[in-house]
Amino acid sequence: MLARARERQGASLADVATRTDWTFTPTVLRMIEGGGYRIPSEQVQTLLAGYEVTPDDLLPERDVLELNLTRCWMASGGVIHRFAERLSIDDILSEYLTFIRSMRAMSADAAIPPESLRHEDVAVLAHSLRLEAQAVRHRLVALLDPATSQARDAIVRRAAQQRALGRRLKEMADRA
């Protein structure tokens, strides 16, 4: 997608390197365009500026995100992602990030650059959760932070263990 954007502009790899103040050399840019180089998240904005594109310019078109909190699903592009009832706002946002990873064929722990979050998706989430879009974006960015997500995963695991224990205790009481 980057190569196509550059070619549409009639720019060379050297032109892009110049626009990034040589943060990326033409050789590295060629590897990035070929998918053989992982870009550190703190350099994504520099790269996008060098190509004179926004994240939305690079993301493939897809259907608008649909979110149904009553029936506990979100969908886009004919793909439906179901989630548990009575989730917190951060749980729903985490489910959204899981859904995005699956839509982008990413591993469950793959980093999602905050810049790649779709504005339209944030607007749908904000409307459904009755929050301001900026608040939703802020919470999503926090959930994308590795330190935050590790702590959150530990809390989620602990809560799941407590729910499972509660179910077992209830089953034992019902049998008694």
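In this report, the structure presented in the accompanying data block is examined.

What counts and what doesn't
Residues numbered from 1 in each chain as written. Predicted model: local features only at pLDDT ≥ 70, side-chain atom pairs only at ≥ 80, totals over all residues. Heavy atoms only, no water. Helix = DSSP H or I, 4+ residues; strand = E, 2+ residues; numbered from the N terminus. Polar contact = N/O pair within 3.5 Å; in protein donor to acceptor, adjacent residues only side chain to side chain. Contact = heavy atoms within 4.5 Å. Buried < 20%, exposed > 50% of the residue type's maximum accessible area, 1.4 Å probe, protein only. Core = buried A, V, L, I, M, F, W, Y, C linked by side-chain atoms within 4.5 Å.

Summarising the element assignment, histidine 81 is placed in strand β3 (residues 79–82). Looking at histidine 81, its side chain comes within polar contact range of the side chain of glutamate 95, at 2.6 Å. With residues up to four places along the chain from it excluded, the contact list for histidine 81 reads Cys72, Trp73, Met74, Glu95, Thr98 and Phe99.

With that out of the way, let us pick up unusual backbone geometry. Its identity is not glycine, yet cysteine 72 carries a phi of approximately 60°, on the positive side. For cysteine 72, the position within the fold is in the loop between β1 (66–68) and β2 (73–76). What makes cysteine 72 buried here is its relative accessible area of 9%. With a phi close to 55°, alanine 105 is a non-glycine residue in the positive phi region. Here alanine 105 is to be found in the loop between α6 (89–103) and α7 (119–129).

We now examine the nonpolar core. Tyr96, Leu97, Leu125 and Leu140 are the most contacted members of the largest nonpolar core, which has 22 residues in total. For this core, the element with the highest residue contribution is α6, accounting for 6 residues. With sequence-adjacent residues up to four places away left out, leucine 140 is seen in contact with Leu93, Tyr96, Leu97, Leu117, Val122 and Leu125.

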